[in-house]
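Listed below, chain by chain, are the residues.
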Amino acid sequence: MNTKILRGLIWTARVFVAGVFLYAAWGKILDPRGFGRDIHNYQMVSDGWVTLTALFLPWLELWCAVALLAVSPFRRSAWWLITGMMVVFTYAKISALQRGLDISCGCTGSDDPMTWMGVAENLVLLVPCVFALVCDHRWPTR
Amino acid sequence: MKSSPSATCFGIVYLIAVSLVTGLMSRGLSSDPLPWDHAWSEGLREEVLAAGFEVVDTSEMRRLVEEGRHLILDARSMQEYDMGQIPGAMPLPIGDFEDHFLGIAPILSPDSPLIAYCSSAECDQALILAERLREAGYPNVKIYLDGWKAWNAEVGP
């Protein structure tokens, strides 16, 4: 594939994924209590970890998004972290649906209910993550 | 910008550390900080009560439905609503609150007695709906916490 086109696709992936993560992080940062409730509803972590995760995770999303957008030495690290988060989030959603939990997704700080469509959205978002994780290293963009 | 595996690992640790520090700082600067010993497991009932909403059990719910004074609002998805709902309940799915609320708002007044419910005592959609209604200026909301599953099991469709 033409290197110019490839770099364009990587740049688009960076902006798109960073935008999604900035949007998702902001709502959770503004409402850590609500996000904590969403985490607890998944019934996957104990109470003490829920509080720490509710405080920490939105900021990790935010700083990773910033690292993707900036001309940053941490961009590859950010791609690894974002791809890892997407895998964990997707697993959590599938697990909740399989256990029949009727809970809010908590994905973007909104109150959207948990659906298989949400799992599909995660999988779609994983595509640019994995693509950029592989390609942004070989054909770095500014 | 190319980076070696060790630089990538350092970057991962750095981003995690910065996120931890800013998360803790945001808690420290918050006017309503999240308590470390917050009892998430005490369940939704305590959270509903702490939020100032009255909880209705199934026998009380049955009486209120028969009485017919309250407007009953179903916070579940339209798909779940269509599969069965409490008699007289109107759909107000939180995932599509704005659109459905436009249809309901004309029949509401600020002191209208409302009851919100979702699937069961494990779902938080009724609480979220109640909070949204209160924000919209309708504070007189009770929550039927046990929800559709309990109603369907104890009373029937």
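Residues numbered from 1 in each chain as written. Chains lettered and ligands numbered in written order. Predicted model: local features only at pLDDT ≥ 70, side-chain atom pairs only at ≥ 80, totals over all residues. Heavy atoms only, no water.

A. Spatial organisation of the overall build of chain A. Looking only at helices and strands, one finds 5 helices and 0 strands in chain A. Starting at the N terminus, the α and β elements of chain A follow one another as α-α-α-α-α. Here chain A has a C-alpha radius of gyration of 16 Å; the compact-globule value for 142 residues is 14 Å, and the two agree. Taking the principal axes of the C-alpha coordinates as reference, chain A spans close to 45 × 25 × 20 Å. Burial status across chain A gives 51% buried among its 142 residues. Taking the contacts inside chain A whose residues are at least 6 apart along the sequence as the reference set, 72% of them involve residues at least 24 apart. In chain A, the 12 positive side-chain charges and the 9 negative ones have mean positions that sit 17 Å from each other. (Helix = DSSP H or I, 4+ residues; strand = E, 2+ residues; numbered from the N terminus. Rg over C-alpha atoms; globule rule 2.2 N^0.38 Å. Buried < 20%, exposed > 50% of the residue type's maximum accessible area, 1.4 Å probe, protein only. Contact = heavy atoms within 4.5 Å. Lys, Arg positive; Asp, Glu negative; His and termini not counted. Charge placed at Lys NZ, Arg CZ, Asp CG, Glu CD.)

B. Representation of the domain arrangement of chain B. Domain annotation of chain B identifies domain 1 (1-34) and domain 2 (40-154). Measuring from the centre of the C-alpha atoms in domain 1 of chain B to the corresponding centre in domain 2 of chain B gives 39 Å. (Domains from an automatic or database assignment.)

C. Main features of the sheet that holds strand β4 (residues 114-117) of chain B. Residue and element names in this part refer to chain B. If you trace the 5 strands from one edge of the open sheet to the other, you get β1-β5-β4-β2-β3, paired in parallel fashion. One side of each edge strand has no neighbouring strand; the edge strands of this open sheet are β1 (54-56) and β3 (90-91). Relative to strand β5 (residues 141-144), β4 is paired through 4 bridges, and the arrangement is parallel. The partner of Leu 114 across the bridge, within β5, is Val 141. The sheet contacts of helix α3 (residues 58-67) involve β1, β2 (71-74), β4 and β5, and relative to β1 the element is tilted by about 90°. (Pairing = 2+ DSSP bridges. Axes fitted to C-alpha atoms, helices over the stretch in contact; angles between N-to-C directions.)

D. Representation of the packing of helix α3 (residues 47-69) of chain A against helix α4 (residues 75-98) of chain A in the model. Residue and element names in this part refer to chain A. Following both chains from N to C, one finds α3 and α4 inclined at 140°, their axes separated by 9 Å at the closest point. One finds that α3 runs oblique with respect to α4. In the crossing of α3 with α4, the sense of the turn from one axis to the other is left-handed. Across from Leu 57, Leu 60, Glu 61, Cys 64, Ala 65, Ala 67 and Leu 68 in α3, the residues of α4 making contact are Arg 75, Ala 78, Trp 79, Leu 81, Ile 82, Met 85 and Phe 89. Residue composition of the contact of α3 with α4, by class: 12 nonpolar, no polar and 2 charged. (Parallel < 35°, antiparallel > 145°, perpendicular 65-115°, else oblique. Left-handed = near helix turned anticlockwise from the far one by under 90°. Nonpolar A, V, L, I, M, F, W, Y, C, P; charged D, E, K, R; others polar.)

E. Region of interest: the packing of helix α5 (residues 97-104) of chain B against helix α6 (residues 125-135) of chain B. All names here are of chain B. Taken N-terminus to C-terminus, the directions of α5 and α6 make an angle of 60°; their axes are 13 Å apart at the nearest point. Judged by the angle between their axes, α5 and α6 are oblique. The hand of the α5/α6 crossing is right-handed. Residues Phe 97, Glu 98 and Phe 101 of α5 form the contact with α6, whose own contacting residues are Leu 129, Arg 132 and Leu 133. The residue makeup of the contact of α5 with α6, split by class, is 4 nonpolar, no polar and 2 charged.

F. Geometry of the pairing of β2(B). Residues and elements named next belong to chain B. Burial of the side chains of β2 extends over both faces: Leu 71 and Leu 73 are buried on one face and Ile 72 and Asp 74 on the other. The pairing of β2 with β4 spans 4 bridges and is parallel. The residue bridging Leu 71 from the neighbouring strand is Leu 114, located in β4. Where β2 and β3 come together, 2 bridges link them in parallel fashion. Each residue of the ladder has a partner; that of Asp 74, found in β3, is Pro 91.

G. Structural view of the pattern of salt bridges. All names here are of chain B. In this structure the tally under the stated criterion is 7 salt bridges over all chains. The residue Arg 76 makes a salt bridge to Asp 74 at a minimum N-O spacing of 2.7 Å. Like Arg 76, the residue Asp 74 is buried in the burial classification. (Salt bridge = Lys/Arg side-chain N within 4 Å of Asp/Glu carboxyl O.)

H. Summary view of the state of the cysteines. In the structure shown here, the tally under the stated rule is 1 disulfide over all chains. Between A:Cys105 and A:Cys107 runs a disulfide, and the two sulfur atoms are separated by 1.5 Å. On the accessibility criterion, A:Cys107 (26% relative accessible area) is partly exposed. You can see A:Cys64 has no disulfide; the closest cysteine sulfur is in A:Cys129, sitting 10 Å from it. Of all cysteine sulfurs, the one in A:Cys64 lies closest to B:Cys9, which takes part in no disulfide; the gap is 14 Å. (Disulfide = S-S within 2.5 Å.)

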